[in-house]
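Report on the structure
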Amino acid sequence: MELIINGESIHVPDEVKTVSDLLAHFQLNNKIAIVEVNLTIIPKQQYETAALCNGDKVEIVHFVGGG
């Protein structure tokens, strides 16, 4: 499947079907992240059920600590 992630066209494996799958694919599932799909912010409790489709525009913002 082809997604536009943070403005870049990225091919993801066919087993990536939900927002939760996408975060796991990028190893962000254990981090605090905010996900927007097609201009709609997805609540964290819906990550497991929020389906992704070919061509979706996804924005992922995650927090990075440092000092």
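A quick note: this is a predicted structure, and the numbers were derived from the prediction, not measured. (Residues numbered from 1 in each chain as written. Predicted model: local features only at pLDDT ≥ 70, side-chain atom pairs only at ≥ 80, totals over all residues. Heavy atoms only, no water.)

**Topic: the sheet that holds strand β1 (residues 2-5)**
Taking strand neighbours across the sheet as the criterion, the five strands line up as β2-β1-β5-β3-β4 in an open arrangement whose pairing is mixed. Since the sheet does not close on itself, it has two edges, and those belong to β2 (8-11) and β4 (40-42), each with one partner. The sheet shows a mean angle of 35° between the axes of neighbouring strands, taken without regard to direction. With two bridges joining them, β1 and strand β5 (residues 57-62) adopt parallel strand pairing. Looking across to β5, one finds that Ile-5 is bridged to Val-58. (Pairing = 2+ DSSP bridges. Helix = DSSP H or I, 4+ residues; strand = E, 2+ residues; numbered from the N terminus. Axes fitted to C-alpha atoms, helices over the stretch in contact; angles between N-to-C directions.)

**Thoughts on unusual backbone geometry**
Located in the positive-phi region is Asn-6, a residue other than glycine, with phi close to 50°. With respect to the helices and strands, the residue Asn-6 is situated in the loop between β1 and β2. One non-glycine residue, Leu-39, lies in the positive phi region at around 70°. Structurally, Leu-39 can be placed in the loop between β3 (33-37) and β4.

**A short note on the pairing of β1**
A one-sided burial pattern is seen for β1, the buried positions being Leu-3 and Ile-5 and the unburied ones Glu-2 and Ile-4. Both β1 and β2 contribute to a ladder of four bridges, which runs antiparallel. Note on β2: the bridge partner recorded for Leu-3 is Ile-10. Counted along the chain from β1 to the antiparallel partner β2, the turn is two residues long, and its residue Asn-6 has a positive phi close to 50°. (Buried < 20%, exposed > 50% of the residue type's maximum accessible area, 1.4 Å probe, protein only.)

**Comments concerning the environment of Asn-6**
Since its relative accessible area comes to 43%, Asn-6 is described here as partly exposed. Considered as a pair, Asn-6 and Val-58 are 52 residues apart in the sequence and their alpha carbons are 6.3 Å apart.

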